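Remarks on the overall topology
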Amino acid sequence: MAAACAAAQRPVQSVTLLAVGKTFGADVLREAATAGQRAFGENYVQEALAKIDALSDLRAGIEWHLIGPLQSNKTRDVAAAFDWVHSVDRLKTAERLSAQRPVDLPPLQVCLQVNLDGEASKSGVAPAELLTLARAVAALPRLRLRGLMSIPAPRAGAAAQREPHRRLRGLLEALRADGLALDTLSMGMSDDLEAAVAEGATIVRVGSAIFGQR
Ligand SMILES: *Cc1c(COP(=O)(O)O)cnc(C)c1O
């Protein structure tokens, strides 16, 4: 990450490392937290809730981010347990999260997941629907809309990897031009984090490069 920031002439503090721990146990995450890691990303709600519980003694120093698909019957647990949700892609889910966010917690930080490659198998709002969704989510009282997230189809080579990240940045800039105060681009994983940092990622989501193969 430091090398990628240097290459992109960006300050290293401008990118947050989200450690993605899916399939790894709470003991492994505890080791990372003890080494100074603060932000943890999880894909599966039930698995994440068990780890959040197991690491509850560290809760004040840790952020939990949901990055996997969110079904509407899980929103209550998610609204109570997480700090961020990166995978919001429909208004109904956002409305439920806002209504269910406990009053003693700060607003839930959210990103909208964008389906950049038009893959039918993947979650995410289509770029053409993004502005309407973003305006509606930004108006919900117990959510704070921070930006955009994407999981592009894998590509080989730096130039090809940068292309979808550049499009996501363009979409964020269009929303800002519309008046939304957004500051987050959640993009880049183990295999393409350099390309994502070059295109302006503010959160990179890294699993296997930290914890090993799943
Ligand atoms: C698993 C996962 C990651 C991390 O992937 P790695 O290739 O292991 O770095 C990032 N984002 C999402 C949404 C994931 O599901």
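Before reading on, note that the structure itself is shown above.
Residues numbered from 1 in each chain as written. Predicted model: local features only at pLDDT ≥ 70, side-chain atom pairs only at ≥ 80, totals over all residues. Heavy atoms only, no water.

A few words on the side chain of Asn115. Along the chain, Asn115 falls in the loop between strand E5 (108–114) and helix H6 (130–138). Assessed through its relative accessible area of 11%, Asn115 is described here as buried. Among residues more than four places away in sequence, those in contact with Asn115 are Lys122, Ser123, Gly124, Val125 and Pro127. (Helix = DSSP H or I, 4+ residues; strand = E, 2+ residues; numbered from the N terminus. Buried < 20%, exposed > 50% of the residue type's maximum accessible area, 1.4 Å probe, protein only. Contact = heavy atoms within 4.5 Å.)

Considering only enclosed or pocket space, the largest pocket measures out at about 440 Å³ in volume. The residue makeup of the lining of the largest pocket, split by class, is ten nonpolar, five polar and seven charged. (1 Å grid on protein atoms, 1.4 Å probe; cavity = no way out; pocket = protein on both sides within 12 Å on 5 of 7 lines; lining within 4 Å. Points joined across faces, edges and corners; volume = space filled by probe spheres on them. Nonpolar A, V, L, I, M, F, W, Y, C, P; charged D, E, K, R; others polar.)

Here the focus is the packing of aromatic side chains. Inspection of the entire model under this criterion finds two aromatic pairs. Here Phe24 and Phe211 contribute two aromatic rings whose centre-to-centre distance is 5.4 Å and whose plane-to-plane angle is 35 degrees, an arrangement assigned as tilted. Residue Phe24 is found in the loop between strand E1 (16–20) and helix H2 (26–34), and its partner Phe211 is found in helix H9 (residues 208–211); the two are separated by 187 residues along the sequence. Taken individually, Phe24 and Phe211 each receive the classification buried, so the pair is uniform in this respect. Relative to Trp64, the ring of Phe40 lies with its centre 5.6 Å away and its plane at 35 degrees, an arrangement referred to as tilted. With a gap of 24 residues between them, Phe40 in strand E2 (residues 39–42) and Trp64 in strand E3 (residues 63–66) connect regions that are remote in the sequence. Taken as a pair, Phe40 and Trp64 share a single burial class, namely buried. (Phe/Tyr/Trp six-rings, centres within 6.5 Å; stacked < 30°, edge-to-face > 60°.)

All right, on to the pairing of strand E6 (residues 143–150) then. For E6, a buried count of seven out of eight residues is recorded, marking the element as mostly surrounded by other parts of the structure. Sheet analysis places E5 next to E6, joined by seven bridges and oriented parallel. What sits directly across from Gln113, in E6, is Met149. Handedness of the crossover joining E5 and E6 through H6 is recorded here as right-handed. Where E6 meets strand E7 (residues 184–186), three bridges bridge the pair, whose relative direction is parallel. Paired with Met149 across the strands is Ser186, a residue of E7. Note that the unit made of E6, helix H7 (residues 158–177) and E7 has a crossover that is right-handed. (Pairing = 2+ DSSP bridges. Right-handed = clockwise from strand over helix to strand, strands pointing away.)

Take the nonpolar core next. Counting 55 residues, the largest nonpolar core has Val85, Leu97, Leu112 and Leu148 as its most contacted members. Excluding residues within four positions of it along the chain, Leu97 makes contact with Leu70, Thr75, Val78, Ala79, Val85, Val88, Leu108 and Leu143. With eight residues, the next largest nonpolar core counts Leu18, Val20, Cys111 and Ile203 among its residues. (Core = buried A, V, L, I, M, F, W, Y, C linked by side-chain atoms within 4.5 Å.)

Our focus in this paragraph is empty space enclosed by the protein. A full pass over the atoms with the stated rule returns one cavity of 30 Å³ or more. In this structure, the largest cavity encloses a volume near 40 Å³. Looking at the largest cavity, the residues that line it are Gln113, Val114, Asn115, Leu116, Asp117, Glu119, Lys122, Ser123, Ser150, Ile151 and Pro152. Residue classes in the lining of the largest cavity are distributed as four nonpolar, four polar and three charged.

Turning to helix H3 (residues 45–54), its buried residues number three or more, namely Val45, Ala48, Lys51 and Ile52. Projected down its long axis, H3 shows its buried positions confined to an angular sector of 125 degrees, all on one face. In this fold, the buried residues of H3 make contact with H2, E2, E3 and helix H4 (75–81). (Arc of directions from axis to C-beta.)

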